[in-house]
Amino acid sequence: MKYTQLGRTGLKVSRLVLGTMNFGPQTDEPTSHGILDAALEAGLNFVDTANVYGWGENKGRTEEIIGTWFAQGGGRRAKTVLATKVYGSMSRESETWPNEDRLSALNIRRAVEASLKRLQTDHIDVYQFHHIDRRTPFEEIWQAVDVLIQQGKILYAGSSNFPGYKIAQANETAARRGMVGLVSEQCLYNLAERRAEMEVIPAAQDYGLGVIPWSPLHGGLLGGVIKKEAEGGRRASGRSADALANSTVRAQVQAYEDLLDKHGLEPGETALAWLLTRPGVTGPIVGPRTAEQLDSALHALELELSEEVLAGLDEVFPGPGPSPEAFAW
């Protein structure tokens, strides 16, 4: 396993991040525990979740699964860098109540306590804001975070789905308070979706945040979906099926698969390996439903992409260019 620092911190994390969103909704508890054990055995020490995972009437279920895994002992918690998130409402649809979502100091305090209980731990290593809160000033957010850090309940704060200007606002406000501020940004970033390169990633780099891309295969679109369909395998669904309905996108994905076939490369592994070459990227989030999918993701760490392949990928999926040059002179 390869490790790197998380942004400007001294925290060492694996270059792949284990995403757990499927734990509960698609992967049962025993299988989820098996994946967590396999990841830890492989040296993957960075585990990401969110309080809302489990979804619907089962919000919090994913954190509970991780908590019962920690409870098995064997150094599981001590070896894990644990990240979870706060923002979405934890209320049942039939029991909605004010102050049970977003980033008010009240909700942050309540959400941390609830996550700690579900996760069966006394602290969260990286506590992430799942979305921007246009209603709550950063002064209030950092006040809440400062209290939690002083109490030892969280160690670092991170963001997710923040635009570049909000990363700047958050960290400038933190600096005025003498605080470390955000240390990571979790954003949608992959070969097919490169808009983060315009402002989010440059902002993260300037402020010393580690970038943690989510959906590295763009909902399966970059995982060899056309080839799998042709071979009678699993058909595209959800986001990838919608995208392939567009003839231009389909031609682009076909060109991507043809390029990799020419070089004897697997699409999913290549998409992950490409992200590992990108400036500012700490490590992409992989969300395996099975142990076999985890094994495939781990292979990306061993993959060295040639300059020819990298140039070919840029030709198929060109980036937007930096801001402001992408839209001005």
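Residues numbered from 1 in each chain as written. Predicted model: local features only at pLDDT ≥ 70, side-chain atom pairs only at ≥ 80, totals over all residues. Heavy atoms only, no water.

Peer 1: Please clarify how the packing of helix α4 (residues 105-119) against helix α5 (residues 138-151) should be interpreted in this entry.
Peer 2: A pair of packed helices is captured by two measures, namely the crossing angle of their axes and the spacing between those axes. Taken N-terminus to C-terminus, the directions of α4 and α5 make an angle of 30 degrees; their axes are 9 Å apart at the nearest point. For α4 against α5, the interelement crossing comes out right-handed. Contact with α4, carried on its side by A105, I108 and V112, involves E140, I141, A144 and L148 of α5 and no other residues of that element. Of the residues that constitute the contact of α4 with α5, the class distribution is 6 nonpolar, no polar and 1 charged. (Axes fitted to C-alpha atoms, helices over the stretch in contact; angles between N-to-C directions. Helix = DSSP H or I, 4+ residues; strand = E, 2+ residues; numbered from the N terminus. Left-handed = near helix turned anticlockwise from the far one by under 90°. Contact = heavy atoms within 4.5 Å. Nonpolar A, V, L, I, M, F, W, Y, C, P; charged D, E, K, R; others polar.)

Peer 1: Can you walk me through the pattern of salt bridges in this structure?
Peer 2: Proximity of charged atoms lets side chains of opposite charge pair with each other. Under the criterion given, the structure shown has 14 salt bridges. The residue D37 makes a salt bridge to R76 at a minimum N-O spacing of 3.1 Å. With D37 in helix α1 (residues 29-41) and R76 in helix α3 (residues 76-79), the pair connects residues that are 39 residues apart, well separated along the chain. Between D314 and R194 there is a salt bridge, and its shortest N-O distance comes to 2.8 Å. (Salt bridge = Lys/Arg side-chain N within 4 Å of Asp/Glu carboxyl O.)

Peer 1: When you look at the nonpolar core in this model, what are you seeing that I'm missing?
Peer 2: A general trend in soluble globular proteins is that nonpolar side chains are found buried together. Judged by nonpolar contacts, the single largest core of 74 residues is most densely connected at I108, F129, W142, Y256 and L313. Counting 11 residues, the second largest nonpolar core, distinct from the first, contains L6, V13, V81 and A83. (Core = buried A, V, L, I, M, F, W, Y, C linked by side-chain atoms within 4.5 Å. Buried < 20%, exposed > 50% of the residue type's maximum accessible area, 1.4 Å probe, protein only.)

Peer 1: Which parts of the structure should I look at to understand the sheet that holds strand β9 (residues 210-214)?
Peer 2: By way of backbone hydrogen bonds, the strands of a sheet pair with one another, either parallel or antiparallel. Read from one edge of the open sheet, 8 strands run β9-β8-β7-β6-β5-β4-β3-β10, paired in parallel fashion. The open sheet is flanked by β9 and β10 (285-286), the only strands paired with a single partner. Contacting β6 (124-129), β7 (154-160) and β8 (182-188), α5 crosses the sheet at an angle of about 150 degrees to β7. (Pairing = 2+ DSSP bridges.)

Peer 1: Looking at this structure, I do not really get the packing of helix α2 (residues 61-70) against α4. What am I missing?
Peer 2: In contact at an axis separation of 6 Å, α2 and α4 are set at 50 degrees when each is read in the N-to-C sense. In terms of their interaxial angle, α2 and α4 are classed as oblique. The residues of α4 that touch α2, namely those facing E63, E64, I66, G67 and F70, are S115, R118 and L119. Split into classes, the residues belonging to the contact of α2 with α4 amount to 3 nonpolar, 2 polar and 3 charged. (Parallel < 35°, antiparallel > 145°, perpendicular 65-115°, else oblique.)

Peer 1: Just to check I follow, could you spell out the pairing of β9 for this structure?
Peer 2: Regular strands show a simple pattern: their side chains alternate between the two faces of the sheet. Among the 5 residues of β9, 4 are classified as buried, and the element is accordingly described as predominantly covered. When β8 meets β9, the two strands line up parallel, connected through 5 bridges. Counterpart to L188 in the pairing with β9 is W214. In this fold, the crossover linking β8 to β9 by way of helix α7 (residues 200-206) has right-handed handedness. (Right-handed = clockwise from strand over helix to strand, strands pointing away.)

Peer 1: It is not clear to me how the pairing of β8 should be interpreted in this structure. Could you clarify?
Peer 2: Counted residue by residue, β8 has 6 buried out of 7 residues, so it is predominantly covered. Following the backbone out of β7, through helix α6 (residues 164-176) and into the adjacent parallel β8, one traces a crossover that is right-handed.

Peer 1: What should I look at first to understand helix α10 (residues 247-262) in this one?
Peer 2: Three or four residues apart is the spacing at which side chains of an α-helix point the same way, because the helix has 3.6 residues per turn. Taking 1.5 Å as the rise per residue, α10 with 16 residues should run 22 Å; its terminal C-alpha atoms sit 22 Å apart, in good agreement. Residues of α10 that are buried include every one of V253, Y256, E257, L259 and L260, and no others. Around the axis of α10, the buried residues are gathered within 155 degrees of arc, so they sit on the same side. Away from its buried face, by an angle of more than 90 degrees, α10 presents the exposed residues S247, T248, D261 and K262. Of the surrounding secondary structure, the elements contacted by the buried residues of α10 are α8 (225-230), α9 (238-244), α11 (267-276) and α13 (307-316). (Expected span 1.5 Å × (residues − 1). Arc of directions from axis to C-beta.)

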